[in-house]
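# Observations on chain architecture
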Amino acid sequence: MILKERDKPFRIMQNDVLLRRLPKDHPKIQSILDDQAKRKAGLRGEQNVSYHLTFLPEKYDVIHDIRLKIKSGQTFQIDSLVVSPYFFLSLETKNMIGTLYFDKHSKQFTRTFNGVEEGFPNPIIQAERHKIQLNKWILERKLPILPIECYAVISNPSTIIKSNNPEIFKKVFHAEHLPSKIKPFENLHKQKISEKDYRRLTKTMIKNHTPSKQDVFEIYKLQKSEVNSGVQCPNCNFIPMNYRYGTWSCPSCATSSKTAYKKAIEDYLYLFGETINNQQCRDFLHMSSRHVVRELLLRMELEQSGTTKNVIYHW
């Protein structure tokens, strides 16, 4: 049973908005494209692992993409956590192509692809660190203690894994082997916590999940004024479309739409924060009527807070 699905890939959505709304010749475009490619590859890898986890017996639950904070303020994120009343299994996912090499002596992890060798953070060490952090988080809250195991999972089946240490392959393997790799823990961990304690533990974890929200303007050193505002044409991506009598029309390709404004409001929420008021919406959509914009925001079915004249709309 899936206790928590993966979060919406917020940073991927933000990158997508930037790539559509920044000038095509903007100097940061390539940096955003490179970051987007890595993030989409990572997401595909996590989705592949999720698929193989569906073959686990029903006695296991899964918590995807859990991000927790220990009392020191340090946060840690686990790609997938297989949970049961007997033990937890933390999974660190890597979606990489080429040949991966784990060195026994230096603990270094390298990838060779197209004749180029690069060093990366060792996913086994990352998985072990998350195991320690999760155990500390549980202890701090005086929750029921369970054994925690960890693996590094390579999601791409064509990736070659090599090492000068045979023991490495007990900790790192391709995603398709996940169901069989979990089975030995059933014989190793026989002591079970109560169903009540198990539910309290998992519910507390999910309740304390803190999604990662990053300021892309700070990350890419962008000014908010560099983003093109206005309603974007769903056909040719021209900005801005013109509004007249409830319809937006594109001066570039003549496409007309009554709902193109929805994507524009979503773009604003992704980039500038998860709230928007009437004035901010008017400025971004290039509209002057407070009443028309209020009607558009109401059609979005967003949550509302604040007084009548100062309503804030948010996801």
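Everything numeric here is computed off the predicted structure, so don't read it as measured data.

### A word on the packing of helix 8 (residues 278–285) against helix 9 (residues 290–299)
Between helix 8 and helix 9, whose axes approach to 10 Å, the crossing angle comes to 100°. If you check the angle between helix 8 and helix 9, you find them roughly perpendicular. On the side of helix 8, the interface is formed by Asn278, Cys281, Arg282 and Leu285, while helix 9 contributes Arg290, Val293, Arg294, Leu296 and Leu297. Residue composition of the contact of helix 8 with helix 9, by class: five nonpolar, one polar and three charged.

### Here's the deal with the sheet that holds strand 16 (residues 312–314)
Spatial strand order, 14-16-15: three strands in an open sheet with antiparallel pairing. Of all strands in the sheet, those with a lone pairing partner are strand 14 (275–277) and strand 15 (303–305), marking the two edges. On average, adjacent strands in this sheet sit at an angle of 30° to one another, irrespective of strand direction. Here three bridges tie strand 15 to strand 16, and the two strands are oriented antiparallel to one another. The partner of Ser305 across the bridge, within strand 16, is Ile312. Sitting on the sheet, helix 9 touches strand 14, strand 15 and strand 16, and the angle it makes with strand 16 is about 30°.

### Re the UniProt feature "domain: NERD" (unreviewed entry) in the protein
Here the UniProt feature "domain: NERD" (unreviewed entry) sits at residues 41–157. Between the end C-alpha atoms of residues 41–157 there is a gap of 14 Å, over a span that is 26% helix and 39% strand.

### Re the pairing of strand 6 (residues 109–113)
Pairing of strand 5 (residues 99–102) with strand 6, which is carried by four bridges, proceeds in the antiparallel orientation. Within strand 6, the residue paired with Thr99 across the bridge is Thr112. In sequence, strand 6 turns back onto strand 7 (residues 116–120) through a hairpin of two residues, with Asn114 there showing a positive phi of about 55°.

Criteria and cut-off values
- Residues numbered from 1 in each chain as written.
- Predicted model: local features only at pLDDT ≥ 70, side-chain atom pairs only at ≥ 80, totals over all residues.
- Heavy atoms only, no water.
- Axes fitted to C-alpha atoms, helices over the stretch in contact; angles between N-to-C directions.
- Helix = DSSP H or I, 4+ residues; strand = E, 2+ residues; numbered from the N terminus.
- Parallel < 35°, antiparallel > 145°, perpendicular 65-115°, else oblique.
- Contact = heavy atoms within 4.5 Å.
- Nonpolar A, V, L, I, M, F, W, Y, C, P; charged D, E, K, R; others polar.
- Pairing = 2+ DSSP bridges.
- UniProt positions renumbered as here; feature names shortened; annotations may be inferred.

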